[in-house]
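# Examining the three-dimensional arrangement
Below are the chains, spelled out letter by letter.
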Amino acid sequence: MGGGIQYSPAGRTRALNQSGNSNEDSRIEIMRQIGLLDSGRDPFFDCLPAFISPALNVPISLVTMITSDCQFFKSSIGLPEPLKTRRCTPHSHSLCQHIILTGQPLIVADARKVSFLKDNPAVLDLNVVAYLGVPLRSATGDRLGTLCAIDFVPHTWQMIDVTIIHAFAKVANAEIVLRTQAYNTGRLNPYIDESSEMYRAILELILMECRTKVDLVHKLLAFAGSLLHSGLDNPQ
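Bear in mind the structure is a predicted one, so any value in this text is a computation, not a measurement.

About the cut-offs
- Sequence order as written defines residue numbering, which begins from 1 separately in each chain.
- Only residues with pLDDT of 70 or above have their local features reported here, since the model is predicted, and side-chain atom pairs are shown and tallied only from 80 upward, although totals for entire chains, interfaces and linings are computed over all residues.
- Remark: hydrogens and water are excluded; side-chain values derive from all non-hydrogen atoms of the structure.
- Take a side-chain nitrogen of Lys or Arg and a carboxyl oxygen of Asp or Glu: if they are within 4 Å of each other, that pair is a salt bridge.
- We count a stretch as a helix when DSSP gives it H or I for four or more residues in a row; a strand needs E for two or more, and each element gets its number in order from the N terminus.
- For the exposure calls, accessible area comes from a 1.4 Å probe over protein chains only, and a residue counts as buried if that area is under 20% of its type's maximum, exposed if over 50%, partly exposed in between.
- Site definitions follow a grid-based scheme: protein atoms alone, a 1 Å grid, a 1.4 Å probe that fits but cannot get out for cavities, and for pockets an open set with protein on both sides within 12 Å along at least five of seven lines, plus lining residues having an atom within 4 Å of a point.
- Grid points are joined across faces, edges and corners, and a volume is the space filled by probe spheres set on the points.
- Between N-to-C directions, angles cover 0 to 180 degrees, with each direction set by a line fitted to C-alpha atoms, over the stretch in contact for helices.
- Oblique is the label for any angle not covered by the other classes, which are roughly parallel (under 35 degrees), roughly antiparallel (over 145) and roughly perpendicular (65 to 115).
- The contact criterion used is simple: two residues touch if any of their non-hydrogen atoms lie within 4.5 Å.
- Polarity classes work like this: nonpolar for Ala, Val, Leu, Ile, Met, Phe, Trp, Tyr, Cys and Pro, charged for Asp, Glu, Lys and Arg, and polar for all others, with Gly in that last group.
- The criterion for an aromatic pair is that two Phe, Tyr or Trp rings (for Trp, the six-membered ring) have centres within 6.5 Å, with stacked assigned to planes under 30 degrees apart, edge-to-face to planes over 60 apart and tilted to the rest.
- In plain words, nonpolar cores are sets of buried Ala, Val, Leu, Ile, Met, Phe, Trp, Tyr and Cys residues tied together by side-chain atoms within 4.5 Å.

### Notes on the pattern of salt bridges
In the structure shown here, the tally under the stated rule is nine salt bridges. Across the pair D42 and K74 runs a salt bridge, and its minimum N-O distance is 3.7 Å. Here D42, found in the loop between α1 (24-33) and α2 (43-56), pairs with K74, found in strand β2 (residues 70-77); they are 32 residues apart in sequence, far enough to count as distant. A relative accessible area of 4% places D42 in the buried class. Residue E175 is joined to R179 by a salt bridge in which the shortest nitrogen-to-oxygen separation is 2.7 Å. In this pair, E175 and R179 both sit in helix α6 (residues 159-184), four residues apart, roughly one turn of the helix.

### Observations concerning the layout of surface pockets
Put simply, the largest pocket is a space of about 190 Å³. Counting only elements with at least two residues in the lining of the largest pocket, the list comes to β1 (60-66) and β2.

### Re the packing of α2 against α6
Where α2 meets α6, the axes come as close as 11 Å, and the angle between the chain directions of the two elements is 175°. In terms of their interaxial angle, α2 and α6 are classed as roughly antiparallel. Residues F44, F45, L48, F51, I52, A55 and L56 of α2 touch α6, and the partners they reach there are D161, I164, I165, F168, V171, A172, E175, I176 and R179. Taken together, the residues of the contact of α2 with α6 sort by class into 13 nonpolar, no polar and three charged.

### Structural notes on the packing of aromatic side chains
Tallied over the full model, the rule gives three aromatic pairs. Aromatic pair F44 and F45: ring centres 5.1 Å apart, planes at 90°, arrangement edge-to-face. Assessed through its relative accessible area of 0%, F44 is described here as buried. Owing to a relative accessible area of 0%, F45 belongs among the buried residues under this scheme. Pairwise contacts between aromatic rings join F44, F45, Y199 and F223 into one cluster.

### So, unusual backbone geometry
Note the cis peptide between E81 and P82, where omega equals 5°. Relative to the assigned elements, P82 resides in the loop between β2 and α3 (83-86). Residue D38 is not a glycine yet carries a positive backbone phi of 50°. Looking at the element boundaries, D38 is found in the loop between α1 and α2. You will see that R87, though not glycine, has its phi angle at about 65°, which is positive. Tracing the chain through its elements places R87 in the loop between α3 and β3 (88-90). Among the residues examined, R87 registers a relative accessible area of 12% and is labelled buried.

### A short note on the nonpolar core
Within the largest apolar cluster, 52 residues are counted, with the highest numbers of intra-cluster contacts made by L48, L147, F168 and L203. The set of elements that each furnish at least two residues to this core consists of α1, α2, β1, β5 (130-137), β6 (143-151), α6, α7 (188-209) and α8 (213-233). Ranked by residues supplied to this core, first place goes to α6 with twelve residues. In contact with L203, other than residues within four places in its own chain, are F44, C47, L48, F51, V171, L220 and F223.

### Some points on the packing of α2 against α7
In contact at an axis separation of 8 Å, α2 and α7 are set at 20° when each is read in the N-to-C sense. Taken together, the axis directions place α2 and α7 in an arrangement best described as roughly parallel. Contacts from P43, F44, D46, C47, L48 and F51 of α2 reach α7 at S196, E197, Y199, R200, L203, E204 and L207. By residue class, the composition of the contact of α2 with α7 is eight nonpolar, one polar and four charged.

Right, dumping it as structure tokens:
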């Protein structure tokens, strides 16, 4: 999948808080309720960027949550200081906001060649060149944030790369559903304590056992499905 840009989202010049999203307050409240916003380190979400970067051969991978005025790095691998410590940037430095606006993946081989991205401070100041991101959603389908991969050099994303990050996003979305169920039954903290390290270990085993990228996709999708079924079978 070559070229300077592989998807050009509609409404790209609009600010997030001008997107016409009528449920913005509830969207942010969901993130706060289940510990995705302004929260500490998380073994489950921390493992996603750590596994995505080697799978896609990129230096930076992020789990971001997008509010009306900033993007919060829920988890990351490869971020330089001071971003690693600050764990947030304003929208002016965000490419992820375009995914929240459109609900569609953003697949960019070289942001310096894309008219609506080339002047973004993330490109000018942080040297973001290639970007691959997909949305993360709530149990009711609200766009909460993104799972994304970043490179400092032009990167021609292959279809299998897009498929892999979608598969990881399926796993993350399944966990968001389970955390929402746990919150609704007053068991969020016990659920996170009981499950995060276990799910991280399962994902680590999946990566160790997979011999091909296609095999990785199949196993990730199967794991995401098993998570959702466990929630349906045990709604607490």
